[in-house]
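These are the residues of each chain, in order.
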Amino acid sequence: MPLALRLRPTMLSDLDWVVSVEQDAANRPFITPWERTQHEGAIRFPDCRHFIVEQAQQERIGFVILQGCRNPHGSVEL
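This one's a predicted model, so the numbers in the text were calculated from it and none came from an experiment.

Novice: Is there a simple way to think about the overall build of the protein chain in this case?
Specialist: Scanning the protein chain for helices and strands turns up two helices and three strands. Its helices and strands taken in sequence order, the protein chain reads β-α-α-β-β from the N to the C terminus. Principal axes of the C-alpha set define a box for the protein chain whose edges measure 40 × 30 × 25 Å. Within the protein chain, buried positions represent 24% of all 78 residues.

Novice: Sorry if this is basic, but what is going on with the layout of surface pockets here?
Specialist: Any empty space left between the atoms is revealed when a probe the size of a water molecule rolls over them. The computed volume of the largest pocket comes to approximately 180 Å³. Lining the largest pocket are E22, I31, T32, W34, H39, F63, V64 and I65. Sort the elements by how many residues they give to the lining of the largest pocket and strand β3 (residues 60-67) lands first, with three residues. In terms of residue class, the lining of the largest pocket is built from five nonpolar, two polar and one charged.

Reading the values: rules and limits
- Residues numbered from 1 in each chain as written.
- Predicted model: local features only at pLDDT ≥ 70, side-chain atom pairs only at ≥ 80, totals over all residues.
- Heavy atoms only, no water.
- Helix = DSSP H or I, 4+ residues; strand = E, 2+ residues; numbered from the N terminus.
- Buried < 20%, exposed > 50% of the residue type's maximum accessible area, 1.4 Å probe, protein only.
- 1 Å grid on protein atoms, 1.4 Å probe; cavity = no way out; pocket = protein on both sides within 12 Å on 5 of 7 lines; lining within 4 Å.
- Points joined across faces, edges and corners; volume = space filled by probe spheres on them.
- Nonpolar A, V, L, I, M, F, W, Y, C, P; charged D, E, K, R; others polar.

Set out below in structure tokens:
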């Protein structure tokens, strides 16, 4: 059975979880962790989209940040 995933906008109440995911030792070699205030800015800044990735049962399994959403050339940074 395929895994059903859903993207939903990140809420401020999700940010403690997002920061904890970034601080996990298994993830640290692959990312540049942000401070909570940076994530807050990405939620509020019109050029960014910050999403929570959920499984079908609304279990958070990851997050995605897109930057450059207002780029007139149609390219975004993931």
